[in-house]
Structures are given as C-alpha cells and as structure tokens.
Amino acid sequence: MAWIHWASLLLLLSCLAETSYGAVLLSSLPNTLDVFASPHKPDQPGLTPGGTWYFTDPIIAGEDKLGVTWALNNRSFPVGTDAPYRKVNVKLCYAPVSQVGRPERKTLDDLDKDKTCQFDIFAGQYNASSKWQFYESTLERNVPAASYFVRAYVLDAAAVVVAYGQNTGPNKDYNIFEVQASSGSHKTVDIVFICFSAFCFLFLVGFFVA
C-alpha cells in the first residue's frame with residue numbers, strides 16, 4: 001500500500017536526521033578556538049570569560065546549569081582567522097573513561113561516524129567581532145550519567161565544518177566533569193533508544209524489501 005511506503009520513507013528520514021559533517025575528519029581541522037565550560041548549581045555564579053574552572057561535585061541533568069564560552073585563540077592564530085566562520089555548534093562529549101566498553105560512544109576520526117559528542121548545547125551564529133561568546137542553560141534531563149567535556153565546531157558559509165575547539169587537551173584528560181542522571185532518567189533513555197533503533201531497523205528492512 002502506498003501509505004505504508006510513505007510512512008516508511010518518513011521514518012527512514014527521521015532515523016537518518018542527524019547532523020551531517022560531510023565526511024570531515026577531526027584530525028584535518030585546526031583547533032582554533034579557546035573553549036571554557038562551567039557546570040554549576042543554579043544558585044552558584046556563572047563563569048567569567050577567560051577564567052579557569054575546577055570541577056568537583058557532579059552536576060545533575062535536568063537541574064543544574066552548564067555555561068560555555070568560546071573565542072578565537074589569538075595567541076596561536078592571527079586576527080581574522082575566524083572571518084570565514086558563520087555558525088558554531090557546541091556539544092557535550094563523552095570523556096574516554098565513559099567510553100570504555102561502550103561502542104555506541106566510540107570515537108572515530110570521521111565526524112559523520114563519530115559517537116563522542118552526542119548532545120547539543122548550542123547552535124547559532126558565530127560572532128567574530130566579539131572577544132568572548134557565551135551561552136548557558138540547564139543541562140537536558142536526557143543526558144546520561146557519565147564524564148564529559150565540551151567541544152565547539154565552527155562552520156563556514158557553505159555549512160562545512162572548518163575548525164573546532166574544546167575545553168580539554170588532545171588526550172581529553174583534564175577539565176572533565178561528572179554528570180549525575182536525574183532519578184530514573186537514564187534507564188528510560190536507554191530503553192527508548194533501544195526501542196527506537198529497533199523500529200528504525202525494521203522499517204528500513206520493510207522499506208527496501210517492499
């Protein structure tokens with residue numbers, strides 16, 4: 001029946017509706033941004049751009065806040081390096097300690113296949129005229145308990161990722177912070193993810209076989 005094919009096609013598109021980076025390799029991108037992250041309780045002060053933060057107590061998904069600032073690293077890159085930058089995507093990424101034994105969080109150089117940074121924090125305009133750009137929000141409730149860092153990708157006018165920055169080093173071994181899941185939320189998220197993945201697979205099979 002025609003409606004089944006259309007429904008299958010729509011579900012197929014929703015299953016594949018993830019950010020596409022056009023087979024860009026992280027290793028090919030210059031690390032041009034300074035990125036600072038400040039997870040904190042709602043009643044604690046936010047971050048000061050350019051400062052240093054130390055993470056101690058875990059923050060709770062759905063309750064506590066995560067502030068992020070980013071700017072061109074003008075100590076290593078000349079003024080104007082970020083002139084082609086148009087958009088910035090800031091993401092919450094799994095630290096290596098929380099990827100062990102978890103292939104669904106695996107780090108791959110191809111950004112379209114990489115599973116390190118699965119949670120969006122901010123997506124919007126990159127402002128090259130501003131020394132520091134800032135965003136803060138309550139951490140989404142669906143973020144699982146794990147260790148994290150923050151990474152920002154910048155895109156040019158053609159929506160191609162051309163550079164990045166993160167609040168940790170290449171080994172992702174400092175400025176790591178802990179997120180504690182909201183009570184009962186991580187089990188619900190895992191179950192929903194498994195069920196949705198199974199439905200996607202079945203519809204894909206049905207669509208291409210029919």
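Thresholds, definitions, all that
Residues numbered from 1 in each chain as written. Predicted model: local features only at pLDDT ≥ 70, side-chain atom pairs only at ≥ 80, totals over all residues. Heavy atoms only, no water. Pairing = 2+ DSSP bridges. Helix = DSSP H or I, 4+ residues; strand = E, 2+ residues; numbered from the N terminus. Axes fitted to C-alpha atoms, helices over the stretch in contact; angles between N-to-C directions. Buried < 20%, exposed > 50% of the residue type's maximum accessible area, 1.4 Å probe, protein only. Polar contact = N/O pair within 3.5 Å; in protein donor to acceptor, adjacent residues only side chain to side chain. Contact = heavy atoms within 4.5 Å. Phe/Tyr/Trp six-rings, centres within 6.5 Å; stacked < 30°, edge-to-face > 60°. Salt bridge = Lys/Arg side-chain N within 4 Å of Asp/Glu carboxyl O. Core = buried A, V, L, I, M, F, W, Y, C linked by side-chain atoms within 4.5 Å. pLDDT = per-residue confidence, 0-100.

A. Spotlight on the sheet that holds strand β1 (residues 33-40). Across the sheet, which stays open at both edges, the three strands sit in the order β1-β3-β6 with antiparallel pairing between neighbours. The outermost strands of the open sheet, each flanked by one partner alone, are β1 and β6 (133-138). For this sheet, the mean angle separating the axes of adjacent strands, direction not counted, is 15°.

B. A look at the side chain of threonine 168. Looking at the element boundaries, threonine 168 is found in the loop between β8 (161-166) and β9 (177-180). Here threonine 168 falls in the buried class, since its relative accessible area comes to 5%. For threonine 168, the side chain forms a polar contact with the main-chain oxygen of tyrosine 174, separated by 2.6 Å. Not counting the four nearest positions on each side in its chain, threonine 168 is found in contact with Phe149, Asp173, Tyr174 and Ile176.

C. Molecular detail of the packing of aromatic side chains. A complete count under the given rule lists seven aromatic pairs for this structure. Judged by centre distance (5.3 Å) and plane angle (80°), the ring pair of tyrosine 85 and tyrosine 126 falls under edge-to-face. Of this pair, tyrosine 85 sits in the loop between β3 (65-72) and β4 (87-94) while tyrosine 126 is found in the loop between β5 (117-125) and β6, placing the two residues 41 residues apart along the sequence. A relative accessible area of 7% means that tyrosine 126 is categorised as buried. Taken together, the ring pairs in this structure connect Trp70, Phe122 and Tyr135 into an aromatic cluster.

D. The pattern of salt bridges, seen in detail. Counted under the stated rule, the structure contains three salt bridges. Aspartate 34 is the partner of arginine 75 in a salt bridge, and the nearest nitrogen-oxygen pair spans 2.8 Å. One end of the pair, arginine 75, is in the loop between β3 and β4; the other, aspartate 34, is in strand β1, and 41 residues separate them in sequence. Of the charged contacts in the structure, one is a salt bridge between glutamate 104 and arginine 102, with a shortest N-O distance of 2.5 Å. Given a relative accessible area of 31%, arginine 102 falls into the partly exposed group.

E. Seen up close, the nonpolar core. Counting residues in hydrophobic clusters, the biggest one holds 27 residues, and the most contacted among them are Leu66, Leu92, Tyr148, Val150 and Phe177. Of all elements in the fold, only β1, β3, β4, β5, β7 (146-155) and β9 reach the threshold of two or more residues within this core. In contact with leucine 66, other than residues within four places in its own chain, are Ala37, Ser38, Pro39, Leu92, Ile121, Tyr135, Glu136, Ser137, Leu139, Val150 and Phe177. Of all hydrophobic cores here, the second largest spans eleven residues; its members include Val24, Cys93, Leu111 and Cys117.

F. Summary view of the environment of aspartate 112. Summarising the element assignment, aspartate 112 is placed in the loop between β4 and β5. Considered as a pair, aspartate 112 and leucine 25 are 87 residues apart in the sequence and their alpha carbons are 8.6 Å apart. Here alanine 23 takes part through its backbone nitrogen, which lies 3.1 Å from a polar atom of the side chain of aspartate 112.

G. Up close: the confidence of the model for the protein. Model confidence for the protein is summarised by a mean pLDDT of 81, while 70% of its residues fall at 70 or above. Confidence, expressed as mean pLDDT per element, reaches its minimum in the protein at helix α1 (residues 2-16) with 41 and its maximum at β4 with 98. Counted against residues more than four places away or in other chains, residues 1-18, with its pLDDT under 50, gives 15 contacts.

H. Region of interest: unusual backbone geometry. The phi torsion at lysine 172 lies on the positive side, around 50°, for a residue other than glycine. Within the secondary structure, lysine 172 is located in the loop between β8 and β9. On the accessibility criterion, lysine 172 (13% relative accessible area) is buried. Even without glycine at this site, asparagine 175 takes up a positive phi of about 55°. Positionally, asparagine 175 belongs in the loop between β8 and β9.

I. Examining the pairing of β3 more closely. With seven of its eight residues buried, β3 lies for the most part within the structure. As paired elements, β3 and β6 share six bridges and run antiparallel to each other. Note that in β6 the partner of tryptophan 70 across the bridge is glutamine 133.

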